[in-house]
Amino acid sequence: MKKLVSILLVALMFTTVFCSCTNTSNESENTTKNNEVTQQETEILEKDFHSIMELSEVDYPTSNEDWEYTIYKDLMGFYEKFVVITKYIGKETSIIIPKELDGYPVLSIENLSTRTESIINSVETQEGLLCIGNSAFYGSDISNIKISNTVQYIEAGAFSFCQELNEIEIPNSVKCIDMDAINGCNNLEKVIIPVNVEEINGFVSYRSSNLVVFGESGSKAAQWCAESNVKFEVMK
């Protein structure tokens, strides 16, 4: 009888240990899967400007001799903090958007000048900028713009009523060109839009009769031009 009880106890202990190991293994497997999902989501969201802005909060507005800007806390954790430039107050007519201010990366620019104050005629953005925001160069005198290949969004009114602008090339990094982003530019004759652009929201309503959009056959740009009666040519 004692021998039978001993055998049953050993069997029970073995079963408990086995189940425990199995549960630990399952938990480890689930944790790995969850980590994999998190990494995938992180890769998708990383450096997507709109996602970052949705989960950020204003730290403080500030300025220096050339720029007014706001520093944000990045609650997603990709950056400790980041900068949105809100106005150019310098004296130069040719400007390069800084990569950093106060040691924090510049992710967006918006409302840099107004029609009455504009002195800017040439702009270059640097790697790391993710967004050319609402009315960034609205009504300015820019005739030359070089957009870095990290910009994802060109938002409403970004280049509207820039009467000196003759040509603009959208980089491959851009996902979306928003409503009236390049509207009312009477001398604009050439816009190059890559196939990577996923969304075009009526980026030009009032336009020069000489405007031609260049892109790839079957692209979103080609589709939009056909629907909007804008001349389109396939890039060679």
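A short tour of the structure in this document, coming up. Just so it is clear, the model here is predicted, and its values are computed rather than measured. (Residues numbered from 1 in each chain as written. Predicted model: local features only at pLDDT ≥ 70, side-chain atom pairs only at ≥ 80, totals over all residues. Heavy atoms only, no water.)

Examining the pattern of salt bridges
Piece 1. Applying the stated criterion across every chain yields a total of three salt bridges.
Piece 2. In this structure, Lys175 engages Asp48 in a salt bridge whose closest nitrogen and oxygen atoms are separated by 2.6 Å. Of this pair, Lys175 sits in the loop between β11 (167-169) and β12 (176-177) while Asp48 sits in the loop between α1 (2-45) and α2 (49-54), and the two are 127 residues apart along the sequence.
Piece 3. When its relative accessible area of 25% is taken as the criterion, Lys175 is described as partly exposed. (Salt bridge = Lys/Arg side-chain N within 4 Å of Asp/Glu carboxyl O. Helix = DSSP H or I, 4+ residues; strand = E, 2+ residues; numbered from the N terminus. Buried < 20%, exposed > 50% of the residue type's maximum accessible area, 1.4 Å probe, protein only.)

Considerations on the packing of aromatic side chains
Any aromatic ring pair is given by two values, namely how distant the centres are and how the planes are angled relative to each other.
Piece 1. Considering all chains together, one arrives at four aromatic pairs under this definition.
Piece 2. Pairing Phe137 with Phe159 gives two aromatic rings, centres 5.5 Å apart and planes at 15°, and the pair type is stacked. Remark: Phe159 occurs in the loop between β10 (153-154) and β11 and Phe137 occurs in the loop between β8 (131-132) and β9 (144-146); sequence separation between them is 22 residues.
Piece 3. A residue is classified by how much of its surface remains accessible, and Phe137, at 0% relative accessible area, is buried.
Piece 4. The residue whose ring lies beneath Lys190 is Phe214, and the NZ or CZ to ring-centre distance is 5.2 Å. (Phe/Tyr/Trp six-rings, centres within 6.5 Å; stacked < 30°, edge-to-face > 60°. Lys NZ or Arg CZ within 6 Å of the ring centre and 35° of its normal.)

A few points about the sheet that holds strand β16 (residues 231-234)
Piece 1. Across the sheet, which stays open at both edges, the four strands sit in the order β11-β13-β15-β16 with parallel pairing between neighbours. Each having just a single partner strand, β11 and β16 make up the two edges of the open sheet. Looking at each pair of strands side by side, their axes are set apart by 20° on average, direction ignored.
Piece 2. As paired elements, β11 and strand β13 (residues 190-192) share three bridges and run parallel to each other. Across the sheet, Glu167 pairs through a bridge with Lys190, a residue of β13.
Piece 3. Sitting on the sheet, helix α3 (residues 220-228) is in contact with β15 (212-215) and β16, with an inclination near 150° to β16. (Pairing = 2+ DSSP bridges. Axes fitted to C-alpha atoms, helices over the stretch in contact; angles between N-to-C directions. Contact = heavy atoms within 4.5 Å.)

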